[in-house]
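What follows is each chain in one-letter form.
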There are 2 protein chains.
Amino acid sequence: MSKNPKLAMVEQYMRALTEHDMAAITDLYADDATVEDPVGSEPLSGKDAIIRFYEVAFSSGISARLDGPVRIAANHAVFPFVVELNPGNGEMRIDVIDQFTFNDDNKVVAMKAFWGEENMTTP
Amino acid sequence: MSKNPKLAMVEQYMRALTEHDMAAITDLYADDATVEDPVGSEPLSGKDAIIRFYEVAFSSGISARLDGPVRIAANHAVFPFVVELNPGNGEMRIDVIDQFTFNDDNKVVAMKAFWGEENMTTP
(Lines give C-alpha, C1' and ligand atoms only; values in the text may rest on other atoms or scores of the structure.)
Protein backbone atom coordinates (compact mmCIF):
# COMPACT_ATOMS: atom_id res chain seq x y z
CA MET A 1 0.00 0.00 0.00
CA SER A 2 1.47 3.38 -0.94
CA LYS A 3 1.57 5.97 1.79
CA ASN A 4 -1.44 8.21 2.22
CA PRO A 5 -0.40 11.55 0.66
CA LYS A 6 -1.74 13.44 3.70
CA LEU A 7 0.65 11.49 5.93
CA ALA A 8 3.53 12.34 3.61
CA MET A 9 2.56 16.02 3.77
CA VAL A 10 2.64 16.01 7.57
CA GLU A 11 6.08 14.36 7.58
CA GLN A 12 7.27 16.96 5.04
CA TYR A 13 5.97 19.67 7.37
CA MET A 14 7.86 18.34 10.40
CA ARG A 15 11.05 18.14 8.33
CA ALA A 16 10.57 21.63 6.88
CA LEU A 17 9.96 23.16 10.31
CA THR A 18 13.12 21.57 11.67
CA GLU A 19 15.30 22.33 8.62
CA HIS A 20 13.85 25.85 8.19
CA ASP A 21 12.98 25.00 4.58
CA MET A 22 10.66 27.77 3.44
CA ALA A 23 10.26 26.31 -0.07
CA ALA A 24 8.94 23.07 1.43
CA ILE A 25 6.61 24.99 3.76
CA THR A 26 5.10 27.14 1.03
CA ASP A 27 4.74 24.09 -1.23
CA LEU A 28 2.35 22.60 1.35
CA TYR A 29 -0.12 25.48 1.25
CA ALA A 30 -2.72 26.54 -1.31
CA ASP A 31 -2.42 30.16 -2.46
CA ASP A 32 -5.52 31.22 -0.50
CA ALA A 33 -4.69 29.21 2.63
CA THR A 34 -5.39 30.42 6.15
CA VAL A 35 -3.30 29.80 9.29
CA GLU A 36 -4.76 30.17 12.80
CA ASP A 37 -1.91 29.59 15.29
CA PRO A 38 -2.89 29.39 18.07
CA VAL A 39 -6.62 28.84 17.61
CA GLY A 40 -8.31 31.90 19.04
CA SER A 41 -5.90 34.35 17.41
CA GLU A 42 -6.66 36.33 14.23
CA PRO A 43 -6.19 33.98 11.25
CA LEU A 44 -3.53 34.82 8.67
CA SER A 45 -4.60 34.61 5.05
CA GLY A 46 -2.57 34.10 1.88
CA LYS A 47 0.99 33.00 1.17
CA ASP A 48 2.70 36.33 1.92
CA ALA A 49 1.32 36.41 5.45
CA ILE A 50 2.10 32.73 5.92
CA ILE A 51 5.73 33.18 4.80
CA ARG A 52 6.18 36.05 7.28
CA PHE A 53 4.74 33.82 10.03
CA TYR A 54 7.26 31.05 9.36
CA GLU A 55 10.14 33.52 9.05
CA VAL A 56 9.46 34.49 12.66
CA ALA A 57 9.27 30.82 13.68
CA PHE A 58 12.54 30.01 11.93
CA SER A 59 14.26 32.95 13.65
CA SER A 60 13.42 31.29 17.00
CA GLY A 61 15.48 28.23 16.06
CA ILE A 62 12.34 26.05 15.88
CA SER A 63 12.46 22.30 15.60
CA ALA A 64 9.49 19.92 15.54
CA ARG A 65 8.80 16.21 15.79
CA LEU A 66 5.68 14.07 15.70
CA ASP A 67 4.54 12.78 19.10
CA GLY A 68 1.98 10.17 18.05
CA PRO A 69 0.11 8.88 15.02
CA VAL A 70 -1.33 11.25 12.42
CA ARG A 71 -5.12 10.94 12.45
CA ILE A 72 -6.82 11.11 9.03
CA ALA A 73 -10.55 11.90 8.78
CA ALA A 74 -12.28 13.06 5.61
CA ASN A 75 -10.13 15.91 4.19
CA HIS A 76 -8.29 16.52 7.46
CA ALA A 77 -5.01 15.37 8.98
CA VAL A 78 -4.73 16.02 12.73
CA PHE A 79 -1.47 15.31 14.52
CA PRO A 80 0.23 15.74 17.90
CA PHE A 81 3.74 17.13 17.86
CA VAL A 82 6.38 18.80 19.98
CA VAL A 83 7.90 22.14 19.10
CA GLU A 84 11.20 23.30 20.63
CA LEU A 85 12.23 26.96 20.51
CA ASN A 86 15.27 29.05 21.45
CA PRO A 87 17.75 26.16 21.83
CA GLY A 88 20.41 26.99 24.39
CA ASN A 89 18.92 30.41 25.18
CA GLY A 90 15.61 30.40 27.04
CA GLU A 91 14.61 27.03 25.66
CA MET A 92 10.90 26.23 25.55
CA ARG A 93 8.82 23.21 24.62
CA ILE A 94 5.28 23.48 23.30
CA ASP A 95 2.95 20.49 22.89
CA VAL A 96 0.78 21.26 19.86
CA ILE A 97 -1.94 19.54 17.86
CA ASP A 98 -2.34 20.82 14.31
CA GLN A 99 -5.34 20.35 12.06
CA PHE A 100 -4.56 20.46 8.31
CA THR A 101 -7.57 20.73 5.98
CA PHE A 102 -6.76 19.77 2.40
CA ASN A 103 -8.27 20.74 -0.93
CA ASP A 104 -8.74 18.29 -3.80
CA ASP A 105 -5.15 18.93 -4.95
CA ASN A 106 -3.87 17.84 -1.49
CA LYS A 107 -2.72 21.36 -0.66
CA VAL A 108 -3.42 22.70 2.83
CA VAL A 109 -6.21 25.30 2.69
CA ALA A 110 -6.52 25.75 6.45
CA MET A 111 -4.11 25.11 9.33
CA LYS A 112 -5.30 25.39 12.91
CA ALA A 113 -2.84 24.96 15.79
CA PHE A 114 -4.25 24.00 19.17
CA TRP A 115 -2.04 24.95 22.12
CA GLY A 116 -2.14 27.29 25.08
CA GLU A 117 -0.23 28.28 28.19
CA GLU A 118 -0.84 24.84 29.76
CA ASN A 119 1.17 23.38 26.85
CA MET A 120 4.31 25.52 27.26
CA THR A 121 7.11 24.12 29.43
CA THR A 122 10.70 25.08 30.11
CA PRO A 123 13.28 22.38 30.81
CA MET B 1 -2.81 26.48 40.59
CA SER B 2 -6.14 24.69 40.41
CA LYS B 3 -6.61 22.42 37.43
CA ASN B 4 -8.06 23.90 34.27
CA PRO B 5 -11.71 22.71 34.24
CA LYS B 6 -11.38 21.68 30.58
CA LEU B 7 -8.57 19.30 31.53
CA ALA B 8 -10.70 17.85 34.30
CA MET B 9 -13.54 17.31 31.81
CA VAL B 10 -11.29 15.39 29.45
CA GLU B 11 -10.09 13.17 32.29
CA GLN B 12 -13.70 12.61 33.35
CA TYR B 13 -14.46 11.60 29.75
CA MET B 14 -11.65 9.01 29.60
CA ARG B 15 -12.82 7.53 32.90
CA ALA B 16 -16.47 7.50 31.82
CA LEU B 17 -15.63 5.79 28.52
CA THR B 18 -13.66 3.10 30.32
CA GLU B 19 -16.16 2.60 33.17
CA HIS B 20 -19.19 2.80 30.86
CA ASP B 21 -20.60 5.56 33.06
CA MET B 22 -23.45 7.06 31.05
CA ALA B 23 -24.35 9.60 33.75
CA ALA B 24 -20.81 11.00 33.62
CA ILE B 25 -20.92 11.09 29.82
CA THR B 26 -24.20 12.93 29.58
CA ASP B 27 -23.09 15.35 32.31
CA LEU B 28 -20.29 16.49 29.98
CA TYR B 29 -22.57 17.57 27.16
CA ALA B 30 -24.87 20.56 26.72
CA ASP B 31 -28.47 19.69 25.84
CA ASP B 32 -28.07 20.86 22.24
CA ALA B 33 -24.61 19.33 21.73
CA THR B 34 -23.47 17.76 18.47
CA VAL B 35 -21.18 14.73 18.03
CA GLU B 36 -19.35 14.05 14.75
CA ASP B 37 -17.50 10.74 15.16
CA PRO B 38 -15.64 10.22 12.91
CA VAL B 39 -15.36 13.62 11.26
CA GLY B 40 -16.92 13.25 7.82
CA SER B 41 -19.92 11.30 9.10
CA GLU B 42 -23.37 12.80 9.69
CA PRO B 43 -23.27 14.69 13.02
CA LEU B 44 -25.57 13.54 15.82
CA SER B 45 -27.53 16.26 17.58
CA GLY B 46 -29.05 16.34 21.06
CA LYS B 47 -28.70 14.21 24.17
CA ASP B 48 -31.00 11.35 23.06
CA ALA B 49 -28.92 10.71 19.95
CA ILE B 50 -25.70 11.07 21.95
CA ILE B 51 -26.85 8.54 24.57
CA ARG B 52 -27.68 6.02 21.85
CA PHE B 53 -24.22 6.57 20.34
CA TYR B 54 -22.47 5.79 23.63
CA GLU B 55 -24.74 2.79 24.33
CA VAL B 56 -23.34 1.24 21.15
CA ALA B 57 -19.79 2.12 22.19
CA PHE B 58 -20.27 0.62 25.66
CA SER B 59 -21.67 -2.58 24.13
CA SER B 60 -18.32 -3.00 22.31
CA GLY B 61 -16.48 -3.17 25.65
CA ILE B 62 -14.76 0.14 24.98
CA SER B 63 -11.89 1.44 27.08
CA ALA B 64 -9.93 4.66 26.52
CA ARG B 65 -6.77 6.32 27.78
CA LEU B 66 -5.00 9.57 27.04
CA ASP B 67 -1.91 9.23 24.84
CA GLY B 68 -0.35 12.68 25.29
CA PRO B 69 -1.04 16.13 26.72
CA VAL B 70 -4.46 17.78 26.36
CA ARG B 71 -4.07 20.91 24.23
CA ILE B 72 -6.19 23.89 25.32
CA ALA B 73 -6.84 26.76 22.88
CA ALA B 74 -9.60 29.35 23.30
CA ASN B 75 -12.81 27.36 24.06
CA HIS B 76 -11.42 24.06 22.78
CA ALA B 77 -9.70 21.05 24.32
CA VAL B 78 -8.00 18.77 21.78
CA PHE B 79 -6.48 15.51 22.93
CA PRO B 80 -4.87 12.33 21.59
CA PHE B 81 -6.12 9.06 23.01
CA VAL B 82 -6.28 5.34 22.40
CA VAL B 83 -9.55 3.42 22.23
CA GLU B 84 -9.68 -0.35 22.63
CA LEU B 85 -12.72 -2.34 21.52
CA ASN B 86 -13.93 -5.94 21.68
CA PRO B 87 -11.47 -7.18 24.33
CA GLY B 88 -10.70 -10.86 23.85
CA ASN B 89 -12.93 -11.15 20.80
CA GLY B 90 -11.72 -9.40 17.66
CA GLU B 91 -9.81 -6.81 19.63
CA MET B 92 -9.11 -3.51 17.88
CA ARG B 93 -7.16 -0.37 18.74
CA ILE B 94 -8.04 3.03 17.32
CA ASP B 95 -5.81 6.10 17.69
CA VAL B 96 -8.16 9.08 17.95
CA ILE B 97 -7.87 12.83 18.43
CA ASP B 98 -11.01 14.47 19.83
CA GLN B 99 -11.87 18.14 19.72
CA PHE B 100 -14.20 19.33 22.50
CA THR B 101 -15.71 22.81 22.07
CA PHE B 102 -17.09 24.25 25.31
CA ASN B 103 -19.80 26.79 26.03
CA ASP B 104 -19.53 29.39 28.78
CA ASP B 105 -20.82 26.84 31.33
CA ASN B 106 -17.95 24.49 30.44
CA LYS B 107 -20.31 21.98 28.86
CA VAL B 108 -19.30 20.38 25.56
CA VAL B 109 -21.38 21.82 22.72
CA ALA B 110 -19.50 20.06 19.92
CA MET B 111 -17.36 16.94 19.84
CA LYS B 112 -15.43 16.02 16.72
CA ALA B 113 -13.45 12.77 16.57
CA PHE B 114 -10.62 12.56 14.04
CA TRP B 115 -9.70 9.01 13.01
CA GLY B 116 -9.81 6.85 9.91
CA GLU B 117 -8.83 3.45 8.59
CA GLU B 118 -5.11 4.32 8.93
CA ASN B 119 -5.73 4.61 12.68
CA MET B 120 -7.30 1.17 13.23
CA THR B 121 -5.00 -1.68 14.19
CA THR B 122 -5.47 -5.23 15.40
CA PRO B 123 -2.97 -6.77 17.79
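Rules used throughout
- Residues numbered from 1 in each chain as written.
- Chains lettered and ligands numbered in written order.
- Predicted model: local features only at pLDDT ≥ 70, side-chain atom pairs only at ≥ 80, totals over all residues.
- Heavy atoms only, no water.
- Helix = DSSP H or I, 4+ residues; strand = E, 2+ residues; numbered from the N terminus.
- Rg over C-alpha atoms; globule rule 2.2 N^0.38 Å.
- Buried < 20%, exposed > 50% of the residue type's maximum accessible area, 1.4 Å probe, protein only.
- Contact = heavy atoms within 4.5 Å.
- Least-squares fit on C-alpha atoms with pLDDT ≥ 70 in both.
- Buried area = accessible area lost by both parts, 1.4 Å probe.
- Polar contact = N/O pair within 3.5 Å; in protein donor to acceptor, adjacent residues only side chain to side chain.
- Phe/Tyr/Trp six-rings, centres within 6.5 Å; stacked < 30°, edge-to-face > 60°.
- Lys NZ or Arg CZ within 6 Å of the ring centre and 35° of its normal.

Enquirer: Can you help me understand the overall build of chain A in this one?
Expert: Scanning chain A from terminus to terminus reveals three helices and eight strands. Listing every helix and strand of chain A by position from the N terminus yields α-α-β-β-α-β-β-β-β-β-β. Compactness check: chain A gives a C-alpha radius of gyration of 14 Å against a globular reference of 14 Å for 123 residues, within 12% of the reference. Overall, chain A is about 40 × 35 × 25 Å in size when its C-alpha atoms are taken along their principal axes. The buried share of chain A, reckoned over its 123 residues, is 48%. Put simply, of all contacts in chain A between residues at least 6 apart along the chain, 48% involve residues at least 24 apart.

Enquirer: Quick question: what am I supposed to make of the relation of the copies chain B and chain A here?
Expert: Taken together, a rotation about one axis and a shift along it account for how the two chain copies relate. Here chain B sits on chain A after a turn of 180° about the axis and a move of 0.0 Å along it, with an RMSD of 0.0 Å. The superposition of one copy onto the other is thereby described by a two-fold rotation axis. For chain B, the smallest separation between a C-alpha atom and the rotation axis is recorded for P80 of chain B, amounting to 3.6 Å. A shared binding surface is used by both copies, with 100% of the interface residues of chain B retained as interface residues in chain A.

Enquirer: What am I meant to see in the interface of chain B and chain A here?
Expert: Each partner contributes to the interface: chain B provides 23 residues, whereas chain A provides 23 residues. For the chain B and chain A pair, buried surface summed over both sides reaches about 1,900 Å², with 63% attributable to carbon and sulfur atoms. Counting every contact that joins chain B to chain A gives 14 residue pairs in polar contact (both at pLDDT 80 or more). Taken together, the elements giving at least two residues each to the side of chain B that touches chain A come down to strand 4 (71–73), strand 5 (76–85) and strand 6 (92–102) of chain B. Residue contributions to the side of chain B that touches chain A peak at five residues, all from strand 5 of chain B.

Enquirer: Is there a simple way to explain the packing of aromatic side chains in this structure?
Expert: Note on aromatic pairs: each is described by the distance of the centres and the angle between the planes. All names here are of chain A. Taken as a whole and judged by the stated rule, the model has 16 aromatic pairs over all chains. Where Y13 meets F79, the ring centres are 6.5 Å apart and the plane angle is 75°; that geometry is what we call edge-to-face. Within this pair, whereas Y13 is found in helix 1 (residues 5–19), its partner F79 is found in strand 5 (residues 76–85), the two being separated by 66 residues in sequence. Side by side, Y13 and F79 carry an identical accessibility label, which is buried. Residues F79 and F81 carry aromatic rings whose centres are separated by 5.5 Å and whose planes lie at 35° to one another, so their mutual orientation is tilted. Grouping residues by exposure puts F79 and F81 together as buried. Members of the aromatic cluster, connected to one another through ring pairs, are Y13, Y29, F53, Y54, F79, F81, F100 and F102. Directly above the ring of F102 sits K6, whose terminal nitrogen or CZ lies 5.4 Å from the centroid.

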